[in-house]
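An overview of the molecular structure
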Amino acid sequence: MEVVTEEIVILARTTMAGGVCVGAYDTNNNNMIRLFDENGQNLMSHAPYRVGDIYSGKYKFKRSLAYPHVEDVIVIEAAYEGSVFENERFERTFNTLIDSLAYKDLNPSDLFDGKLVWERSAFVEIDNRPTYSVMIASLDRDLHKDGDYFIWTEFYDVYRVKYVGTKPIEQLPATINAGMFIRLSLARFWDKDKDGVKRSYLQLSWVY
């Protein structure tokens, strides 16, 4: 079924193999969505969508969606309507939208309904999945930049989440302070450790 909307706001743009992953929010239908092209394929790096852009158009959810990756949509039509950063009023509206979507002051253990398994990096197991794969949140602690990761320490243990946004990490602050809004997502299931077990790893896809 096609979904018609007058306002899709682009929220994040993530680097992935061979292209980009674009996250957005349909304000008319209250849908958190992830954009694919008209053939249901990953977007290429030259795709026009930028964070803060607003589009109208039509889309449909991909068939055979499986938890937690239920946000995938095929873009049928998309018309550029402008950017929230064109004037101060629109930017305030964007910030209000982020605030309204965010889970606030969470302990990392509470992310994604508490279903993450925390080792050095966090992941979700196939037999214990949340019902969604993207969220905006603020955390109850500071995160410190360390290479391609943001890290924090708890009882002498170091935890980390990899940054995968297309905005160069050099342009991000050295510290994401507690209370700042970030977008977190779960990668596709894959056997990263080559131990025969597929896991979906937590990643940091944007900082607001």
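A brief structural summary. Small disclaimer: the values here were computed from a predicted structure and weren't measured.

In this section: the side chain of R160. You can see R160 is positioned in strand β12 (residues 157-163). Buried within the structure, R160 lacks any salt-bridge partner; D146 is the closest side chain of opposite charge, at an N-O distance of 6.7 Å.

All right, on to empty space enclosed by the protein then. This structure, assessed with the given rule, holds two cavities of 30 Å³ or more. Of the pockets and cavities examined, the largest cavity occupies roughly 50 Å³. If you go around the largest cavity, the residues you meet are I8, L35, Y49, Y55, K58, Y59, V75, E77 and A78. Within the residue set of the lining of the largest cavity, elements represented by two or more residues are β4 (53-61) and β5 (72-83). In terms of residue class, the lining of the largest cavity is made up of seven nonpolar, no polar and two charged. Roughly 30 Å³ of internal volume is contained in the second largest cavity. Around the second largest cavity, the lining residues are S138, L139, R141, L143, I176, N177, A178, G179, M180 and I182. Considering only residue class, the lining of the second largest cavity consists of six nonpolar, three polar and one charged.

Relative to β5, strand β3 (residues 31-36) runs parallel, the two sharing three bridges. The partner of R34 across the bridge, within β5, is D72.

Core analysis: the biggest nonpolar cluster contains 40 residues, and L11, L111, F112, F150, L184, L202 and L204 have the highest contact counts within it. Of all the elements in the fold, those that place two or more residues in this core are β1 (3-16), α1 (88-101), β8 (122-125), β9 (134-139), β11 (149-154), β12, β14 (182-186) and β15 (199-207). Once residues lying within four places of it in the same chain are set aside, the contact partners of F112 are P130, Y132, S133, V134, M135, L184, S185, L186 and L202. Counting residues in hydrophobic clusters, the runner-up holds 15 residues, among them A24, A47, Y59 and V75.

The next point concerns α1. Each α-helix turn comprises 3.6 residues. Residues three or four places apart therefore point the same way. Given a rise of 1.5 Å per residue, 14 residues ought to cover 20 Å, and the 20 Å separating the end C-alpha atoms of α1 matches this to within 8%. For α1, the complete set of buried residues consists of F94, L97, I98 and L101. For α1, the arc enclosing every buried residue in end-on projection is 95 degrees, short of the 170-degree limit, so these residues lie on one face. Away from the buried face of α1 by more than 90 degrees, exposed residues E88, R89, T96 and S100 are located. Looking at the buried side of α1, the elements it contacts are β1, β2 (19-26), β3, β6 (103-106) and β9.

Analysis parameters
- Residues numbered from 1 in each chain as written.
- Predicted model: local features only at pLDDT ≥ 70, side-chain atom pairs only at ≥ 80, totals over all residues.
- Heavy atoms only, no water.
- Helix = DSSP H or I, 4+ residues; strand = E, 2+ residues; numbered from the N terminus.
- Buried < 20%, exposed > 50% of the residue type's maximum accessible area, 1.4 Å probe, protein only.
- Lys, Arg positive; Asp, Glu negative; His and termini not counted.
- Salt bridge = Lys/Arg side-chain N within 4 Å of Asp/Glu carboxyl O.
- 1 Å grid on protein atoms, 1.4 Å probe; cavity = no way out; pocket = protein on both sides within 12 Å on 5 of 7 lines; lining within 4 Å.
- Points joined across faces, edges and corners; volume = space filled by probe spheres on them.
- Nonpolar A, V, L, I, M, F, W, Y, C, P; charged D, E, K, R; others polar.
- Pairing = 2+ DSSP bridges.
- Core = buried A, V, L, I, M, F, W, Y, C linked by side-chain atoms within 4.5 Å.
- Contact = heavy atoms within 4.5 Å.
- Expected span 1.5 Å × (residues − 1).
- Arc of directions from axis to C-beta.

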